[in-house]
Amino acid sequence: VARKKPCLRPHQKEARFDWAKKQRGLSAEDFMFTIFSDECYICLNDKSHCVFVTRCPNKEFIQDCLVPTFKQSPVCIMVWACIISGRKGPLLVL
């Protein structure tokens, strides 16, 4: 089954790669004081289906083996959460 991955434009991929290179020298202790957060849409009545691809196990994120995802569905809610230093923050429904 093809992996789902958000559709990123080339400049977005480049910006993410640049950010990762800048964080390369940080230690585990540096990340103890960093808050990681993310949001997620939960959609009902999503008509998505499986797409089958033939690939090697280590090739699952090659562009030709991915199905882009888009945030579209009749009924959606958004949730947000964070973690810091191994502790969970609140789960908020937005």
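Conventions used here
Residues numbered from 1 in each chain as written. Predicted model: local features only at pLDDT ≥ 70, side-chain atom pairs only at ≥ 80, totals over all residues. Heavy atoms only, no water. pLDDT = per-residue confidence, 0-100. Helix = DSSP H or I, 4+ residues; strand = E, 2+ residues; numbered from the N terminus. Buried < 20%, exposed > 50% of the residue type's maximum accessible area, 1.4 Å probe, protein only. Patch = residues over 30% accessible without salt bridge, like charges linked within 9 Å, V, L, I, M, F, W, Y side chains within 5 Å. Areas by Shrake-Rupley, 256 points an atom, 1.4 Å probe, with all protein chains shown as cover. Salt bridge = Lys/Arg side-chain N within 4 Å of Asp/Glu carboxyl O. Pairing = 2+ DSSP bridges. Phe/Tyr/Trp six-rings, centres within 6.5 Å; stacked < 30°, edge-to-face > 60°. Contact = heavy atoms within 4.5 Å.

Asker: Mind laying out the confidence of the model for the protein, listing which residues take part and the relevant values?
Answerer: Across the protein, the average pLDDT comes to 84, with 88% of residues at 70 or higher. Per-residue pLDDT, averaged within each element of the protein, yields its smallest value for strand 3 (residues 66-69) (78) and its largest for helix 1 (residues 10-23) (94).

Asker: Describe unusual backbone geometry, and please don't skip the residues or the numbers.
Answerer: Positive phi values are uncommon outside glycine, yet Ser85 reaches one of about 50 degrees. Considering the arrangement of structural elements, one finds Ser85 in the loop between strand 4 (75-84) and strand 5 (87-88). Accessibility expressed as a relative area gives 28% for Ser85, which makes it partly exposed.

Asker: Account for a nonpolar patch on the surface, naming residues and giving values.
Answerer: On the surface, Ile42, Ile77 and Val93 cluster together to form a nonpolar patch covering roughly 260 Å² of accessible area. Tracing the backbone through its elements, the reader meets Ile42 in strand 2 (residues 35-44). On the basis of relative accessibility, which here comes to 43%, the residue Ile42 falls in the partly exposed class.

Asker: Let's hear about the pairing of strand 4: which residues, and what values?
Answerer: Where strand 4 lies against strand 6 (residues 92-93), two bridges are found, and the strand directions are antiparallel. The residue bridging Val79 from the neighbouring strand is Val93, located in strand 6. Bridge analysis of strand 4 against strand 5 gives two bridges, and the strand direction is antiparallel. Within strand 5, the residue paired with Ile84 across the bridge is Arg87. Between strand 4 and strand 5, which pair antiparallel one after the other, the connecting turn spans two residues, and Ser85 there sits at a positive phi close to 50 degrees.

Asker: Describe the packing of aromatic side chains, naming the residues involved and giving the relevant values.
Answerer: Given two aromatic rings, their pairing is described by the distance between the two centres and the angle made by the two planes. For the structure shown, the criterion picks out one aromatic pair. A centroid spacing of 5.9 Å and a plane angle of 20 degrees characterise the contact between Phe31 and Phe36, whose relative ring orientation is stacked. Phe31 sits in the partly exposed class, given a relative accessible area of 27%.

Asker: Mind laying out the environment of Glu39, listing which residues take part and the relevant values?
Answerer: You can see Glu39 is positioned in strand 2. Residue Glu39 is classed as partly exposed on the basis of its relative accessible area, which comes to 40%. Considered as a pair, Glu39 and Ala81 are 42 residues apart in the sequence and their alpha carbons are 6.6 Å apart. Not counting chain neighbours up to four residues away, the residues in contact with Glu39 comprise Met78, Val79 and Trp80.

Asker: So what's going on with the pattern of salt bridges? Residues and values would help.
Answerer: Applying the stated rule across the entire model yields two salt bridges. Its salt-bridge partner being Glu60, residue Arg3 comes within 3.3 Å of it at the nearest N-O pair. Note that Arg3 is positioned in strand 1 (residues 3-6) and Glu60 in the loop between strand 2 and strand 3, a separation of 57 residues in sequence. For Arg3, a relative accessible area of 37% gives the class partly exposed.

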